[in-house]
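One-letter residues, chain by chain:
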Amino acid sequence: LQPSSSSVPSLQPSSVPSLQPSPTPSLQPSSSSVPSLQPSSSSMPSSVPSSEREFALNILSDVSDVSLLRDNTTPQGKAFEWILDTDPLRLAPADGSFIQRFVLAVLYFSTGGGSWDTCNAPINVNSLSDCGLFFRIGSAWLTNSPECDWSGISCGDGVTRIDLRGNGLSGTIPSELQHLADLEWLRLFSN
């Protein structure tokens, strides 16, 4: 069999494969049982990142700088590691409380959490360790309690009040607090 020299396409398939790709795509999928050697390429990005860590990084990139999230010596990096690896609640990144809980963890690490006068994260994060600032009894920070139960935190639909006055905080107030959309009160005096 010889290939046709006509420039008019045939409606019948050829029994001899061509050496050049067709200028127009076929309407039918290939019936070959042999897989292709090249991966298919798509101009559409994947809607689901390859891992939960990357998914969380993607979500939190709107809250904190990614380089800070990746650096476990920064408050943001410590909070990122805590919420993914240590937090006993193990919230999924898509959970509505994930960002709120992360932001409060950033506040904890940014203000010397661990050296506060009271309500520090306990060594055993699964303990329901009650603590109290003179104005509100609650649980210690970074425990298995919902963040709205942490001492000094009040919530409605989201965090509405943070009252950590007189608790030995030191450090900086993190910009991530701007992502607590319902926050009305921030009391940090006498620290």
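Residues numbered from 1 in each chain as written. Predicted model: local features only at pLDDT ≥ 70, side-chain atom pairs only at ≥ 80, totals over all residues. Heavy atoms only, no water.

J.: Account for the side chain of Arg101, naming residues and giving values.
T.: With respect to the helices and strands, the residue Arg101 is situated in helix H4 (residues 98-110). Owing to a relative accessible area of 0%, Arg101 belongs among the buried residues under this scheme. Contact partners of Arg101, with chain neighbours within four places excluded, come to Trp82, Ile83, Asp87, Leu89, Leu91, Thr143, Asn144, Ser145, Pro146, Glu147 and Trp150. (Helix = DSSP H or I, 4+ residues; strand = E, 2+ residues; numbered from the N terminus. Buried < 20%, exposed > 50% of the residue type's maximum accessible area, 1.4 Å probe, protein only. Contact = heavy atoms within 4.5 Å.)

J.: Lay out the side chain of Asn120 in plain terms, naming residues and giving numbers.
T.: Take Asn120: it is sitting in the loop between H4 and strand E1 (130-133). Within the structure, the side chain of Asn120 is placed 2.6 Å from the backbone nitrogen of Gly114, a separation counted as a polar contact. From its side chain, Asn120 meets the backbone nitrogen of Ser115 in a polar contact 3.3 Å long. For Asn120, the residues in contact, after removing those within four places along its chain, are Tyr108, Gly113, Gly114, Ser115, Ala140 and Trp141. (Polar contact = N/O pair within 3.5 Å; in protein donor to acceptor, adjacent residues only side chain to side chain.)

J.: Which residues make up the sheet that holds strand E3 (residues 153-155), and what values go with them?
T.: Within the open sheet, the three strands sit side by side as E3-E4-E5. Their pairing is mixed. The outermost strands of the open sheet, each flanked by one partner alone, are E3 and strand E5 (185-187). Recorded for the sheet is a direction-independent mean angle of 15 degrees between the axes of neighbouring strands. The pairing of E3 with strand E4 (residues 159-163) spans three bridges and is antiparallel. When the sheet's bridge partners are listed, Cys155 is paired in E4 with Val159. (Pairing = 2+ DSSP bridges. Axes fitted to C-alpha atoms, helices over the stretch in contact; angles between N-to-C directions.)

So far we have only geometry, and geometry alone does not tell us how the molecule works.
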